[in-house]
Structures are given as structure tokens and as C-alpha cells.
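The residues making up each chain are set out below.
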Amino acid sequence: MMWGLCSGICRALALLAVLLAFQEERSCWGLNHSSGDLETSPQPDPGPPRSLHRNKRSWVWNQFFVLEEFTGNEPLYVGKLHSDVDKGDGKVKYVLSGEGATSIFTIDENTGDIHATKRLDREVQAYYTLQAQAVDRLTNLPVEPRSEFVVKVQDINDNEPKFLDGPYLAGVPEMSPLGTMVVQVAATDADDPTYGNSARVVYSIIHGQPYFSVEPKTGVIRTALPNMDRETRDQYVLVIQAKDMVGQMGGLSGTTSVTVTLTDVNDNPPRFTHKIYQYTVLESLPVQSVVARIKAADADTGSNAEMDYRIMDGDGPGMFNITTDEVTQEGVIILLKPLDFETKSSFSLRVEATNRNIDSNFLSLGPFSDTTSVKVTVEDVNEPPVFSELLSRMVVSEDAKVGTSIGRVSAHDPDNSNSGIRYSIDRNTDLERFFNVDALSGVISTAKPLDREANSVHNLTILGIENQDRTQIGKGVALITVLDINDNAPVFAIDYETLLCENTTPGQEIQTISAVDKDEPLSGHRFYFSLTAPVAGNQNFTLRDNKDNTASILTKRGGFRRREQPVYRLPVLIMDSGSPALSSTNTLSVRVCECDSDGVALSCGAVAYTATGLSTGALLAILGCIITLLVMVLLIVTMRRRRKVPLILEEERDIRENIVRYDDEGGGEEDTEAFDMVTLRNLNVIRDPTVRRDVTPDTPTFFHYTSASRPPFKSLPDNVVFREFIWDRLKDADIDPSAPPYDSLQTYAFEGSGSVAESLSSLESLSTDSDQNYEYLSNWGPRFKKLADLYGTSDGTSVFS
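Conventions we followed
- Residues take numbers from 1 onward in each chain, read along the sequence in its written order.
- Owing to the predicted nature of the model, reporting of local features is limited to residues with pLDDT of at least 70; listing and counting of side-chain atom pairs is limited to 80 or more, with chain, interface and lining totals taken over all residues.
- Water and hydrogen atoms were dropped before computing side-chain values, which therefore reflect all heavy atoms in the structure.
- In this scheme, strands are said to pair when DSSP sees at least two bridges between them.
- Numbered from the N terminus, helices here are DSSP runs of H or I no shorter than four residues, and strands are runs of E no shorter than two.
- Here an axis means a line fitted to C-alpha atoms, over the contact stretch when the element is a helix, while the angle between two N-to-C directions is reported on a 0 to 180 degree scale.
- Buried, partly exposed and exposed residues are distinguished by accessible area as a fraction of the type maximum, computed with a 1.4 Å probe on protein chains only: under 20%, between the cut-offs, and over 50%, respectively.
- Identification of polar contacts relies on pairs of N or O atoms within 3.5 Å, with a donor-acceptor requirement for protein atoms, meaning one able to donate a hydrogen and the other able to accept it, and with residues adjacent in sequence counted only if both atoms are side-chain atoms.
- The contact criterion used throughout is that any non-hydrogen atoms of two residues lie within 4.5 Å.
- Only residues whose relative accessible area exceeds 30% and that form no salt bridge are eligible for patches; like-charged ones are grouped when within 9 Å, while nonpolar side chains (Val, Leu, Ile, Met, Phe, Trp, Tyr) are grouped when within 5 Å.
- Every accessible area reported is derived by Shrake-Rupley at a probe size of 1.4 Å, with residue values counting cover from the shown protein chains alone.
- Whenever a carboxyl oxygen of Asp or Glu lies within 4 Å of a side-chain nitrogen of Lys or Arg, that contact is scored as a salt bridge.
- In this scheme Phe, Tyr and Trp rings, the latter by its six-membered ring, pair at centre separations within 6.5 Å, and the angle between planes marks the pair as stacked below 30 degrees, edge-to-face above 60, and tilted otherwise.
- Only Lys NZ and Arg CZ are tested; either one counts as a charge over a ring when it is within 6 Å of the ring centre and within 35 degrees of the ring normal.
- In this description, the term disulfide denotes a pair of cysteine sulfurs within 2.5 Å.

Q: In this structure, what is going on with the sheet that holds strand β33 (residues 457-466)? I would like to understand it.
A: Adjacent strands of a sheet pair through backbone hydrogen bonds, lying either parallel or antiparallel. Here we have four strands laid out as an open sheet, ordered β27-β34-β33-β30, and mixed in their pairing. Looking along the sheet, the strands with just one partner apiece sit at the ends: β27 (391-397) and β30 (421-425). Going from strand to strand, the sheet's axes swing by 30° on average, the running direction of each strand aside. Examined bridge by bridge, β27 and strand β34 (residues 473-483) share seven bridges and lie parallel to one another. Within the sheet, the bridge partner assigned to S392 lies in β34 and is A478.

Dropping the structure here:
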């Protein structure tokens with residue numbers, strides 16, 4: 001099967017192929033149906049001359065091409081398919097299938113002409129694979145096997161170059177040499193790089209000269225000027241163009257921007273803006289405070305601007321130090337010692353600033369350091385008085401008389417004014433006012449007798465106040481130690497409890513005693529023990545001084561009996577070694593006890609007499625408890641009697657669950673506040689005892705009336721009128737939307753039309769006929785004589801005569 005293509009120049013070639021096909025001596029091109037590849041028909045072997053004939057060929061074949069982006073109004077002619085089986089009688093029909101068949105490519109089933117109905121874009125699809133077949137028009141059976149061919153879309157220059165990675169950001173160190181590479185840009189062209197020059201791109205720089213250049217083929221951007229200075233200009237914006245068709249006329253182009261930043265190098269040394277800096281500080285400035293901040297200017301940035309400061313020389317060594325503020329790169333001068341205007345009023349320093357990171361490539365631009373002078377002037381301030389000794393130690397004997405001088409403190413004004421000083425004691429340190437200080441001389445004296453045993457050391461704060469400025473106060477400390485004297489006699493170390501067994505033998509030690517003394521002599525204590533003169537020769541006990549500040553009590557006899565004497569009082573004389581010596585008599589109580597065989601006391605003191613019943617102390621305790629309980633009961637009863645019943649019920653109680661009691665007599669029939677009106681009325685209606693009183697009745701009244709036939713209130717019985725009135729009010733309350741959603745107490749000021757009991761008043765008794773006999777009032781005594789005279793007789797004229 002052979003393919004045929006007639007389009008433009010190809011038509012001539014097709015026509016030439018047809019003509020050559022009729023020549024028997026020429027070979028033909030064919031398509032292998034099994035593989036689809038082109039192959040050449042074999043030539044006949046050389047042999048005896050014989051007549052040549054044409055081999056049968058199924059399809060006329062030629063190459064198919066379609067130009068992309070065709071913009072004509074008519075469908076674009078692609079080529080023609082033809083089969084030798086087609087005799088032109090209309091029996092053969094051509095069918096096209098594959099990629100784009102019927103949607104992009106159409107075929108005339110009669111002639112085999114192929115057209116493209118849509119614009120084709122090579123960048124979307126470069127070729128289409130189609131299948132062609134010739135079938136019998138009547139039976140639709142193929143007359144030739146199906147064959148496959150390709151329609152290739154031919155490229156045109158319809159895509160401009162594009163910078164897919166743009167815009168670009170790049171950096172290059174300042175002062176870079178000529179031709180230093182900055183960045184490489186790349187543009188892509190969607191056209192076919194294998195066909196023509198549509199995808200061959202060259203680069204050029206539109207904006208950014210003469211500082212930078214670009215290589216046309218590679219897109220590498222380089223510096224075009226040497227020694228560009230960041231401090232002069234630190235950023236450049238370049239416009240790079242990429243043009244296809246090798247930059248020729250008619251080519252398409254695209255552009256991108258490249259922002260080039262010059263990065264900093266250390267090419268600028270630090271320089272102080274002033275040769276001398278002057279600062280003034282107060283002499284009261286605290287140590288470690290900032291005195292001044294200086295900074296050397298450096299046009300570089302980042303690490304290239306980092307610098308170190310140092311004090312090269314100056315007066316007042318050790319007074320100041322300088323450090324670097326890492327944030328601002330300032331030199332911070334710090335005070336190391338207190339300032340004193342009166343001693344030195346000004347200081348001069350020599351300060352050097354040096355770059356930390358020096359680039360050896362730029363040493364010729366140095367030196368990368370600079371020096372300046374700093375002058376610090378100290379201003380005088382009014383300082384408080386200063387004591388010559390911050391701590392004055394003094395001693396005084398505790399037996400010193402009031403007014404005894406102890407010592408003297410001294411303070412002076414450090415200022416040039418040399419103001420006078422007045423002294424006083426901070427009484428917070430001498431609350432009991434044991435001491436005084438002379439305001440002018442500073443002499444400290446006693447104001448009260450001292451007691452070393454109460455307070456052996458007094459720590460006084462002495463205030464020195466300037467006469468000219470009372471706000472300037474200096475403070476000193478006077479530490480006064482009170483010296484001891486022998487003014488306290490020795491006493492027993494503890495309260496001894498001495499027990500003596502009845503079976504004690506003569507010469508037995510029953511107690512060892514010791515003494516204490518509040519005084520503290522320098523050589524230590526030495527106590528002497530003895531019995532007082534009146535008991536020194538007693539027959540019961542003796543005392544032995546152990547010469548070690550202790551003494552032993554010994555028995556002189558045995559056979560002590562509790563019943564004879566349960567307790568012995570032994571006066572002991574204790575004397576110290578002071579000058580003068582002091583002594584005291586201390587009584588030692590010795591209790592006689594009944595002991596076991598091991599000498600352990602079983603019972604001591606007086607013999608207890610056994611008696612039945614409780615002791616007096618127990619009886620008194622029980623009686624006290626009973627009296628306390630009685631008092632508490634009386635208090636409770638009294639409080640309950642005084643408690644009043646509240647007239648108003650608590651809010652949380654239900655009014656229907658309480659009975660309110662009124663201790664009044666009432667106002668009769670007119671009083672509707674304290675009594676139920678129903679009890680004063682004669683109810684003639686018989687009530688059903690089986691009906692619950694707390695349930696609303698089904699009928700609104702005991703008398704059944706229709707709304708139209710209901711008689712007026714005045715014509716109804718009195719009890720019916722009252723109930724009808726209540727039911728009407730109840731209905732009004734039930735249908736009232738503003739009524740509260742709970743039960744409430746309603747008050748109705750309705751008295752009724754009359755009373756069976758009539759009036760209870762006695763004012764009209766004389767004017768009305770009454771069948772009641774009041775003669776019994778005469779028997780009630782003289783208190784009812786007036787009533788008996790009024791009602792007991794029928795003749796009323798005697799009453800008002």
C-alpha cells in the first residue's frame with residue numbers, strides 16, 4: 001500500500017511519482033503492512049531480456065505536514081488519500097480514525113482529501129497518529145488493510161523567550177574587580193529547537209550599564225566597572241533581555257529584572273567625629289554607673305563595623321573602665337570608684353577605637369583605628385556629714401552614775417562650705433533612752449542607770465545634721481559595752497527537790513547543790529557554801545563545801561519519821577568571790593519519804609488520813625459545775641422569753657401554712673383585717689361535708705343562674721351576694737394577663753347588704769324596742785351600776801334628768 005500527499009511543493013513530487021509509476025523500468029516505494037516501515041521493492045534479477053511489467057500498488061504515498069497556527073477562514077488542506085482500487089465510480093469510501101479524527105482532521109469520503117478544521121499548536125502537540133482505510137460503500141467491508149500515518153505539525157516562531165526563575169536577586173561584594181561574576185540568568189523558548197532559529201536565544205542588557213554586562217550566549221552577568229563602593233550606592237536594578245532567532249530582526253523577546261546588592265567589606269576604618277569629648281557628672285554618682293557614651297563612626301555594616309574600645313592613658317588610674325555596647329557599637333565609660341569633688345574635680349582620658357575584623361586586602365586604606373580625648377568634669381553636690389569613725393567603740397561600768405560621759409563622736413562637712421554639725425541619737429536604737437549626746441560637742445553620756453545583766457551592749461546610731469541644710473544627715477555607730485560589777489548575789493542553780501528516806505543512815509549524802517550568779521567576773525565564779533549560824537549546830541544535817549562550786553548535804557543521824565516531821569527546812573548561805581563579796585541565803589526543803597529496800601521513795605510528806613467519800617476539792621469542783629449549768633439554763637430561758645414573735649411572716653414560708661395570732665379585741669363587724677367576715681354572716685346554705693374545702697368547686701355558685709337571667713346583687717340573699725362578688729373577682733384575676741402566676745391574697749372591701757345580728761352598738765338601744773332583760777346587771781356589783789341604771793329600767797327620763 002502506498003501513501004500520497006499533495007500539498008504545495010509536495011504536489012509536484014507526487015505528480016512526478018505518478019508519472020514514474022507507469023514506467024515499467026522504474027521501481028516503486030511501498031509500505032510494509034506488517035511493520036509499517038517504508039521499504040524498497042526488490043529489483044528483478046539480471047537475466048535474458050524479457051518484457052517488463054508494473055507491479056500492483058495499493059496506495060499512493062507521500063509525506064504529510066501541517067503548518068501550526070494557520071489563521072485562514074477555510075479549513076487547511078493537509079493532503080489526499082487515494083487507492084488503486086478506487087475506479088472513480090463511487091464504490092469506495094475513505095474512512096479516517098486516530099488522534100484528532102473528526103474533531104481536528106476531516107476526510108472527504110469520496111475524494112480522500114484531508115483538511116484541518118482547527119488551529120494547531122505544536123507546543124501543545126507536535127504530531128498526530130491517524131489510521132486510514134478504504135471500505136466498500138455498500139458492504140462497509142475493507143477493500144484494503146488499515147494503514148497508519150503521522151501528521152506532523154510544522155513549527156513557526158510563535159513563542160517568546162521566558163525567564164521562569166525571574167525576577168532575580170543577587171549580591172556581589174563591593175570593590176570587586178572587573179568581570180566578577182554576579183549571577184547567571186536563563187530563558188526558555190517553547191518553540192522547536194531542532195527546526196530553524198525559533199528557539200535559539202541570545203541575551204543583552206537593556207538597563208544597568210555601564211556597571212554590569214551580560215554574556216549573550218550564557219546569560220552570565222558580570223561587573224563592568226571595578227571598585228564599586230557600597231557606601232556610595234548599594235543596589236542596582238538591571239533589565240536583561242532574551243531574544244530568539246539569534247537576535248535577528250523579527251525575533252521575539254522577553255525581559256526580566258535582576259536586583260544586584262553590593263555586600264559590605266571592611267574598607268572603612270573607624271573615625272571619631274570629635275577630637276575631644278566633654279562630660280559632666282555629679283560627685284554623688286554611684287559606682288558602676290555609666291559616665292558617658294562615645295562612638296567612632298564606621299561606614300561599614302555588620303561584623304565589619306564591630307570595634308573594641310580601650311582607655312590608653314589618663315589621670316585617676318582605676319577610676320574608669322570602657323566596654324563596647326554590642327548593639328550600638330558605642331564605647332560605654334563606667335565609674336569604678338566613688339567621685340569626690342573636694343579631692344579631684346576633673347579627669348582626662350585617652351580612648352582608642354579599633355575594628356575587630358580587619359580585611360588584609362584593604363590595609364592600604366587604614367589604619368583601622370582612631371583615638372580621641374574624653375574629659376570628665378565632677379560637679380560638687382551638698383553631701384551629708386561624714387563621721388571620722390563610722391564605728392566608735394566605748395565602754396561604761398554598769399554602776400556609772402547618771403550623766404557620766406562615756407565617749408565622743410566627731411563628724412565634719414565634706415563640702416567646701418564646712419557647715420557646722422549638730423548631733424543626735426536615733427531613738428529607734430535607744431528606745432529606753434539610756435544615753436544622751438551633746439548636740440554641739442558629740443559627747444555621749446548616761447541618762448539612766450545601766451544594768452549589764454539586762455543589756456550588756458548598746459548599739460546606737462548617731463545622726464550628724466548640717467546646720468545650714470537640715471536635710472543633709474550623716475550616720476555613725478557608737479557601740480557601747482557595759483562593764484560588769486558584782487551586784488548580784490549567787491542563788492541555787494535550780495529548785496531542788498530533796499527526798500530523805502526514813503531508813504537513811506548517819507553520814508549519808510542526800511543532795512548535791514550548786515549555785516549561779518548573773519554577774520560574770522573576769523576570773524570566773526568561785527562560790528562558798530555553808531549553813532547559816534542558827535542551824536549550823538543542828539543534829540539532823542550538815543553541809544560539806546566541795547571547793548568546786550558545789551556542796552553536799554549529809555545526814556547526822558538516822559531514824560527519821562514522817563509522822564514526827566515530814567519536811568525539814570535547811571537554810572544554806574552562798575557567797576561569791578567578788579569585791580565586795582555578795583551572799584544570799586537559800587532554803588533547801590528536805591522531805592521525809594517512805595522508801596523500799598532499794599532506796600526508792602514510795603510516799604513522801606505528811607501522812608494522809610483515810611476517809612470515806614469525796615475530798616473537799618472534788619466537792620467544790622462538782623458544785624461549781626452545777627452552778628454553771630444552772631446559770632446557763634436561766635440565760636436560755638430569759639432569752640426565749642424576750643424573743644418576740646415577728647408580725648411579718650418570713651418570705652420563704654407559705655401563708656396558708658401559718659396561723660397568725662392577734663392579741664386584740666377586734667373592731668366588730670366593721671373590722672375585716674383580723675377576722676373572717678363569713679363567721680359574722682348567717683349562712684343558710686347547707687354544705688356538702690364530703691366536698692374538699694381546698695379544691696375549687698366546679699360551679700361558680702350554689703345558685704345556678706345564666707348570665708342573662710342572673711338577678712342583681714341587691715335582690716339576692718346576703719350570703720349569695722357575697723359569694724357571687726368573690727367569684728366575679730376571681731374570674732377577673734384568672735383572665736388578667738398581668739396577674740402574678742401564683743396564689744395571692746386578695747382584699748375585697750365589700751360589706752354586704754345587711755346583717756342578721758343587726759348592729760352590736762349600744763348607742764341606739766334607748767330608741768329601739770328590745771325584748772332583752774338587763775335586770776341581771778344589778779346583781780353584778782357596783783361596777784355595773786351605771787349599766788344597770790341605763791338598761792335595767794324602762795323609764796329613761798330619770799337617766800337624763
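Moving on from the model shown.
Q: Could you clarify how one ought to interpret the side chain of Q133 in this entry?
A: In this fold, Q133 is placed in strand β8 (residues 127-136). By relative accessible area, which is 14% here, Q133 ends up buried. Among the polar contacts listed, one links the side chain of Q133 to the side chain of R146, at a separation of 3.4 Å.

Q: Looking at this model, I keep getting lost on the sheet that holds strand β22 (residues 320-324). Mind explaining?
A: Here three strands make up an open sheet; going across it, the order is β19-β23-β22 and the pairing antiparallel. The open sheet has two edge strands, β19 (290-294) and β22, and neither has a second partner. Strand-to-strand, the axes of this sheet are offset by a mean angle of 25°, without reference to chain direction. Pairing geometry for β22 and strand β23 (residues 331-335), over five bridges, is antiparallel. Across the sheet, N321 pairs through a bridge with I334, a residue of β23.

Q: Before we go on, may I ask you to explain the environment of L363 in this structure?
A: Along the chain, the position of L363 falls in the loop between β24 (346-355) and β25 (369-379). Judged by relative accessible area, L363 falls into the exposed class, the value being 52%. In this structure, the C-alpha to C-alpha distance between L363 and N268, residues 95 residues apart in sequence, is 9.9 Å. In this view, L363 contacts I358 and F368; residues no more than four positions away in its chain are not counted.

Q: Looking at this structure, I do not really get a nonpolar patch on the surface. What am I missing?
A: Among the surface-exposed residues, L623, I627, V631 and L635 lie close enough to one another that they form a single nonpolar patch of about 360 Å² accessible area. Its place among the elements puts L623 in helix α2 (residues 616-642). On the basis of relative accessibility, which here comes to 48%, the residue L623 falls in the partly exposed class.

Q: Sorry, what's going on with the packing of aromatic side chains here?
A: Any two aromatic rings considered together are summarised by their centre-to-centre distance and by the angle between their planes. Scanning the entire structure with this criterion turns up 13 aromatic pairs. An angle of 70° between the planes, with centres 5.5 Å apart, marks the rings of F212 and Y236 as edge-to-face. With a gap of 24 residues between them, F212 in strand β13 (residues 212-214) and Y236 in strand β15 (residues 235-243) connect regions that are remote in the sequence. Y236 matches F212 in its accessibility class, with the two residues each being buried. Considering the side-chain rings of W780 and F784, the 4.9 Å spacing of their centres and the 80° angle between planes classify their relative orientation as edge-to-face. Exposure remark for W780: the relative accessible area of 46% places this residue in the partly exposed category. Members of the aromatic cluster, connected to one another through ring pairs, are Y211, F212 and Y236. Positioned over the ring face of Y211 is R233, at 5.6 Å from the centre of the ring.

Q: Help me out: how do you make sense of the state of the cysteines in this one?
A: Where two cysteines share a covalent bond between their sulfur atoms, that bond is called a disulfide. As enumerated under the stated definition, the model contains two disulfides in all. The disulfide partner of C501 is C595, and the gap between their sulfur atoms is 2.0 Å. The disulfide joining C501 to C595 has a torsion of about -85° about its S-S bond and is therefore left-handed. With a gap of 94 residues between them, C501 in strand β36 (residues 498-501) and C595 in strand β42 (residues 583-595) connect regions that are remote in the sequence.

Q: Looking at this structure, how should I read the environment of M181?
A: With respect to the helices and strands, M181 occurs in strand β11 (residues 181-184). Taking the C-alpha atoms as reference, M181 lies 4.3 Å from R222; in sequence the two are 41 residues apart.

Q: Please clarify how the pairing of strand β40 (residues 550-555) should be interpreted in this entry.
A: For a regular strand, the rule is simple: side chains alternate between the two faces of the sheet. Taken across its six residues, β40 has six buried, putting it largely inside the fold. Pairing geometry for strand β37 (residues 509-516) and β40, over five bridges, is antiparallel. Bridging from a neighbouring strand, E509 pairs with L554 of β40. Where strand β39 (residues 541-545) lies against β40, five bridges are found, and the strand directions are antiparallel. The partner of R544 across the bridge, within β40, is S552. The antiparallel pairing of β39 with β40 creates a hairpin that spans four residues between the two strands, and K547 there sits at a positive phi of about 65°.

Q: What's the story with the pattern of salt bridges in this structure? I'm lost.
A: Here the idea is simple: oppositely charged side chains can pair when their charged atoms come close. Overall, the coordinates contain 21 salt bridges when judged by the stated rule. For the salt bridge of E231 with R230, the shortest nitrogen-to-oxygen distance reads 2.8 Å. Given a relative accessible area of 27%, E231 falls into the partly exposed group. The salt bridge partner of K344 is D315, with a shortest N-O separation of 3.4 Å. Here the residue K344 occupies a position in the loop between β23 and β24, and D315 occupies one in the loop between β21 (307-314) and β22, the gap between them amounting to 29 residues. The partly exposed category is assigned to D315, whose relative accessible area is 28%. One salt-bridge network, held together by shared partners, links E306, D308, E326 and R356.

Q: How should unusual backbone geometry be read in this particular structure?
A: Most of the time, phi is negative for any residue but glycine, and the peptide bond is trans. The residue after G166, namely P167, is reached through a cis peptide bond having omega -5°. Relative to the assigned elements, P167 resides in the loop between β9 (147-154) and β10 (168-173). A cis amide bond links Q209 to the next residue, P210, at an omega of 5°. Mapping P210 onto the fold places it in the loop between β12 (202-207) and β13. Its identity is not glycine, yet Q329 carries a phi of approximately 60°, on the positive side. Inspection of the secondary structure puts Q329 in the loop between β22 and β23. The exposure class assigned to Q329 is buried, which follows from its relative accessible area of 10%.

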